[in-house]
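# Tertiary structure, described
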Amino acid sequence: MKKILLLIISATILLGSCKKDHKAEPEPVKIKIAEKTTSGGLRIALWADKSEFTVAYNKVYVSLAKPDGSEVNDASLTYHPLMNMISMQHSSPVEQPVYISTEHLYGGAVVFSMPSGEMGSWQLTVNVNNEPVVFDVAVAPLPSGTKYTGTFVGTDGNSYTVSLVEPVLPKIGINDIDVLVNRRADMMNFPADEGFIIELNPEMPSMGHGSPNNVNPAHKSNGHYKGKVNFTMTGDWRLHLKLKKGETVVVEDAALDLFF
Amino acid sequence: MRNYIVVACGIIAACQSAFAQKTDSSVNYNVYKSLLLREVYIQPGKSVSQSNEELQTGGLQALSDQILERNPGINMIRRGNFAMEPSIRSLSGGRITMTIDGMRIFGACTDRMDPVSSYIEPTNLESILVSFSPGEDLHGTSIGGGVDFKLKEPKFTEGSQLNGMVGSGFESNGNAGQLLAGIEYSSADFAFHADGIYRRSSNYHAGRGTEVFFSQYQKWNGNISVKAKTGLNSYIKADYVQDEGRDIGYPALTMDVGFAKAKIAALSYMQKDPETHTMWETKVYYNFIDHAMDDTRRPVEQVAMHMDMPGTSRTFGAFSSISFKLREHHYFKFQLDGFSNKLSAEMTMYPENAAPMFMYTLPDPARTSIGFDFSDKVFLNSRASIKIGGRLEYLHDFLFTQAGKDQVSGLYNGDISRQRWMKNLSIQGSFHVSPRFDLSAQVAAGARAPTLQEEYSFYIYDRLDGHDYIGNPQLKQEKSINLDLNANFHTKEFKAETNVFSYFLRDYITGSILPGYSTMTIGANGVKQFINISSARLYGAALALSWSPFPAFNITSTNTYTRGTDHRANALLLIAPLKSVNTVSFQAGRGTIFHVESVSNARQNRVNTELYGETPTKGSTILNFGASRNLLFTPAKVLKLSGGVTNLMDSQYSQHLDIMKVLRPGRNFFVRMTLLF
Ligand SMILES: [Cu+2]
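Conventions we followed
Residues numbered from 1 in each chain as written. Chains lettered and ligands numbered in written order. Predicted model: local features only at pLDDT ≥ 70, side-chain atom pairs only at ≥ 80, totals over all residues. Heavy atoms only, no water. Helix = DSSP H or I, 4+ residues; strand = E, 2+ residues; numbered from the N terminus. Buried < 20%, exposed > 50% of the residue type's maximum accessible area, 1.4 Å probe, protein only. Areas by Shrake-Rupley, 256 points an atom, 1.4 Å probe, with all protein chains shown as cover. Salt bridge = Lys/Arg side-chain N within 4 Å of Asp/Glu carboxyl O. Pairing = 2+ DSSP bridges. Axes fitted to C-alpha atoms, helices over the stretch in contact; angles between N-to-C directions. UniProt positions renumbered as here; feature names shortened; annotations may be inferred. Patch = residues over 30% accessible without salt bridge, like charges linked within 9 Å, V, L, I, M, F, W, Y side chains within 5 Å. Donors = N, O, S within 2.8 Å, 3.2 Å for Na, K, Ca; no water. Contact = heavy atoms within 4.5 Å. Buried area = accessible area lost by both parts, 1.4 Å probe. Polar contact = N/O pair within 3.5 Å; in protein donor to acceptor, adjacent residues only side chain to side chain. Nonpolar A, V, L, I, M, F, W, Y, C, P; charged D, E, K, R; others polar. Core = buried A, V, L, I, M, F, W, Y, C linked by side-chain atoms within 4.5 Å.

## Description of the overall build of chain A
Across its full length, chain A holds one helix and 19 strands. Residues classed as buried in chain A amount to 45% of the 260 residues present. Carbon together with sulfur atoms contributes 56% to the accessible area of chain A, which is approximately 13400 Å² in total.

What follows is the structure, encoded as structure tokens:
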């Protein structure tokens, strides 16, 4: 009798624990873009949230493993994107990777400012403990009617790259908005610019109306400005961003487009 | 003076006295349209004496709207030739209730295209009961009473019996017509009734030949009712009504209706004990309304952007009501009820060269309610009676989907669900001063919750003032104190009824401009939100006279007037002007009745264009003429013929409650015939 009871109890526990396992959320799926081996024999792979990089703010991940498969989590890594055009070369805004222990990946970001194609092609150099590993990456254009990043010449003579970090998956209603602003110091350096006051005005161009209760993005850290955007309906939206330094308007209308 | 007050507080309700007159056979045939009556019987009778009132109500062939409009206290808000919205003493929308046999049912359209009355046909009905006050045998809290449509009730009979009816009618204006049929089987312990009607109309013409485009409609309606005895004094009854309209034009609006469908089902259990005057009714019900607006038939230049706007409404509910004689001259009734209503309405717009735009216009709001209702009536002596009625209701409003909550996250902060307690109370005294003269007075405290539209609308366009409306979950309930005085005088030949009323409203709900919001609708003037204003007042009077110098001849006159002002003495919206309906009817020989009628509306100048977008409306008078004749083949077989002309002078006119002043029909000849067997 006791044995049966014990059996039942252990079975219930087992079943219970089984159920719990099923409920566990799967980790966000990352897609492997490319893989190489360093001269030191480390396997380095490039990962992204989507199957390809696009003309936008892209999260870029790197995994690093020894030949026996064990991961390396203390390497020093840097990203250097480079666009090779016929007449010139230029880089683009970048956020250097840091190790994310929960994901066993190094995560950073690159704003690809134009698509690869006839105009030129993109290389992403990952320096692993000062050894450059060069990946040729394809950057796909965004669907027409969308613009997730743009470069705008300010009244102060500088060029600013304004990129939409969030929302990634816009929905009807209030969305968190995160805008990254970088100043072009030269063709290779695009430091984050932290000194702006941003006014946000969403608009549906096909109807001409806006939406109420938006919260202007305010600077949080490293050139990221965070606020709220209210999408009252699905469809095409244009985000009008006015960039000011104090009372001076630097960029009148940095417009980004999206639809959902 | 004090005696007067005592008298005034102890009088019979007008509805009771009116009801009593209804059964007084000497004045039987003209009672309806002439006096300030509260209940209109619909079913056609075989006797000649009912013919005149049937002529007024159009037999079974007029629309429910047209029958309602004949009630002196009711005006109809017109958006086209179909689905007019009742306004009781200029109160409409959430301020009145509309129920079918006590069942709560709510239209699915965000543009008020489908009031409940549009889903029910006279063929489905036994009677229409109108009440002008909260706490008066109602099925919901209200400010100004409401309308209950009593469904057809087949009778149990001694032997088994089969009756039927077929009818058809035609109207020249708009080539409108209807076909109807009904059958009823009754026996000692089983009864069955079924009816159906089909109607259609093309565009009608206003006076002087102007065609009113998009005024066409088509619909069918069917009703089945089954009754079976479960004991000596008890039975169960099942009802099912299905109503489907198609291709309905709304000339006052920017869109038409592709379809408007209702499915209404109920199951009731009734127990009666004649000895103790006990009646106990328990009902469970469900109804589903499916509504889709359509702009594809409008000329391209009128449609700024093509859009789809479907909406649904689902209501599940139950109630149990018991009435009994507490002791001699003392009657008591109470009811416990509850319902749950879910609304959903959405809009998808299709711009050229861009992604479709979708949003909810009603972001899945729901309301659940539990209510308790009582009425207590005591006859103090042979002359005086007093009636106290009240209702307590708990309401819970919320959004039932995450998508809905997400969407309104851009408008409102925090929890936007609402819970509230509602109270209605009325005290009514009636007093027979003399056999010819009676008085009644009523004081009522009304309250109504904001409608789900008023709480949660998401940029719903109102054509009247050209604004997009946003709901307001913070709205307080609207409250009122109502006073009602009636004095009735009647002799065999002459009757006079007067009625004076006023409503003192607090936290009146109305739209107010929301500055800084951009409109959603292309071409809209601005955005408004529903708000409470501190107070508003509505008052008015009705006078009805009827004179029958000899039985075959009758003159009646009903006159109604309402006036409404807000807290800053601005005129309120949709207030009907002075209306006067005067009729002469004459019975010639056996079974032929003629009537001539004039319907006059005074000019309405009391409008506030700036606040509510209304403009003055010119006065109008039209003349109607009708005749009816009953042909008796056998006592069991009657052919009813009627015909006539409305708007004889072909006047071009509209009334103040006609949205966008769309012209009403011009001259219209009609013929109707119904065979009862
Ligand atoms: Cu509609």
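From this point, things continue past the structure.
## A closer look at the pattern of salt bridges
Oppositely charged side chains may form a pair once their charged atoms are brought near each other. Residues and elements named next belong to chain B. Enumeration according to the criterion identifies 42 salt bridges over all chains in this entry. Notably, a salt bridge pairs Arg 672 with Glu 171, separated by 3.5 Å at the nearest N-O pair. Of this pair, Arg 672 sits in strand 32 (residues 668-676) while Glu 171 sits in strand 8 (residues 161-171), and the two are 501 residues apart along the sequence. When its relative accessible area of 12% is taken as the criterion, Arg 672 is described as buried. Measuring nitrogen to oxygen at the nearest pair gives 3.1 Å for the salt bridge that ties Lys 237 to Asp 239. Accessibility expressed as a relative area gives 6% for Asp 239, which makes it buried.

## Re the sheet that holds strand 2 (residues 43-48) of chain A
Think of a sheet as strands paired side by side through backbone hydrogen bonds, with each pair either parallel or antiparallel. Residue and element names in this part refer to chain A. In space, the five strands of this open sheet follow the order 1-2-4-8-7, with antiparallel pairing throughout. Strands with a single pairing partner mark the edges of an open sheet, and in this sheet they are strand 1 (31-37) and strand 7 (94-100). Averaged over all neighbouring strand pairs, the angle between strand axes comes to 20°, with direction disregarded. With five bridges connecting them, strand 7 and strand 8 (residues 105-111) associate as antiparallel partners. If you follow Val 98 over to strand 8, its bridge partner there is Gly 107.

## Let's talk about the UniProt feature "domain: TonB-dependent receptor-like beta-barrel" (unreviewed entry) in chain B
When the UniProt feature table is mapped onto this chain, "domain: TonB-dependent receptor-like beta-barrel" (unreviewed entry) is found at residues 204-648 of chain B. Within residues 204-648 of chain B, the helical portion is 4% and the strand portion 66%, while the C-alpha atoms at the span's ends are 15 Å from each other.

## Focus on a nonpolar patch on the surface
A surface patch of nonpolar side chains, about 800 Å² in accessible area, is lined by Phe 489, Phe 494, Trp 547, Phe 550, Ile 555, Val 584, Phe 586, Phe 594, Val 596 and Phe 625 of chain B. Secondary structure elements with two or more residues in the nonpolar patch: strand 28 (579-588) and strand 29 (592-601) of chain B.

## Regarding the coordination of the copper ion
Residues and elements named next belong to chain B. Of the protein atoms, only Cys 109 (SG), Met 113 (SD) and His 291 (NE2) coordinate the copper ion, at distances of 2.1 to 2.5 Å. In the primary sequence, the donor residues of the copper ion line up as C-x3-M-x177-H. Of this pair, Met 113 sits in the loop between strand 5 (103-104) and strand 6 (125-131) while His 291 sits in strand 14 (residues 278-294), placing them 178 residues apart in sequence. Since its relative accessible area comes to 0%, Met 113 is described here as buried. Classification of His 291 as buried rests on a relative accessible area of 1%.

## A short note on the UniProt feature "domain: YtkA-like" (unreviewed entry) in chain A
Per the UniProt entry, the sites bearing "domain: YtkA-like" (unreviewed entry) are residues 158-241 of chain A in this numbering. Across residues 158-241 of chain A, helical content stands at 0% and strand content at 56%; the span's end C-alpha atoms are separated by 17 Å.

## Remarks on the interface of chain A and chain B
Taken together, the contact pairs 19 residues of chain A with 22 residues of chain B. Each partner contributes to the roughly 1600 Å² buried at the junction of chain A and chain B, and carbon and sulfur atoms together form 63% of this total. Broken down residue by residue, the surface that chain A buries against chain B is led by Ile 172, Met 207 and Met 233 of chain A, which jointly contribute 30%. Across the chain A-chain B interface, the total number found is zero salt bridges. Inspection of the chain A/chain B interface yields nine residue pairs in polar contact (both at pLDDT 80 or more). Per-class residue counts for the side of chain A that touches chain B are seven nonpolar, ten polar and two charged.

## A short note on the pairing of strand 7 (residues 146-151) of chain B
Residues and elements named next belong to chain B. With five of six residues buried, strand 7 is to be regarded as a mostly interior element. Where strand 4 (residues 97-100) and strand 7 come together, four bridges link them in parallel fashion. The residue bridging Thr 99 from the neighbouring strand is Asp 148, located in strand 7.

## Structural notes on the nonpolar core
Formed by 108 residues in total, the largest nonpolar core has its most connected members in Met 233, Leu 241 and Leu 243 of chain A together with Ile 100 and Phe 149 of chain B. Apart from the residues within four sequence positions on either side, Leu 243 of chain A is in contact with Val 162, Val 181, Phe 196, Ile 197, Ile 198, Thr 248, Val 249, Val 250, Val 251 and Ala 254 of chain A. Listed in part, the 26 residues of the second largest apolar core include Leu 46, Tyr 106, Phe 112 and Val 133 of chain A.

## Things to note about the environment of Arg 603 of chain B
Residues and elements named next belong to chain B. Counting through the fold element by element, Arg 603 comes out in the loop between strand 29 and helix 8 (609-612). Residue classification places Arg 603 among the partly exposed residues on the basis of a relative accessible area of 45%. Taking the C-alpha atoms as reference, Arg 603 lies 6.7 Å from Pro 577; in sequence the two are 26 residues apart. Excluding residues that lie within four positions of it along the chain, Arg 603 makes contacts with Pro 577, Pro 616, Thr 617, Lys 618 and Gly 619. Polar side-chain contacts of Arg 603 include one of 2.8 Å to the side chain of Asn 605.

## Considering the pairing of strand 26 (residues 526-547) of chain B
For a regular strand, side chains alternate in direction, first toward one face of the sheet and then toward the other. Residue and element names in this part refer to chain B. As paired strands, strand 23 (residues 467-470) and strand 26 are joined by four bridges and run parallel to one another. Paired with Tyr 469 across the two strands is Lys 528, which belongs to strand 26. Looking at chain direction, strand 25 (residues 494-513) and strand 26 are connected through 19 bridges and run antiparallel. Paired with Thr 498 across the two strands is Leu 543, which belongs to strand 26. Here twelve bridges tie strand 26 to strand 27 (residues 553-566), and the two strands are oriented antiparallel to one another. Within the sheet, the bridge partner assigned to Leu 538 lies in strand 27 and is Gly 564. Joining the antiparallel neighbours strand 26 and strand 27 is a turn of five residues.

## Structural notes on the sheet that holds strand 9 (residues 120-128) of chain A
Residue and element names in this part refer to chain A. With antiparallel pairing, the four strands of this open sheet are ordered in space as 6-5-9-10. Two strands in the sheet have a free side with no partner beyond their single neighbour: strand 6 (89-90) and strand 10 (131-137). Here strand 5 (residues 77-85) pairs with strand 9 via nine bridges, running antiparallel. What sits directly across from Leu 77, in strand 9, is Val 128.

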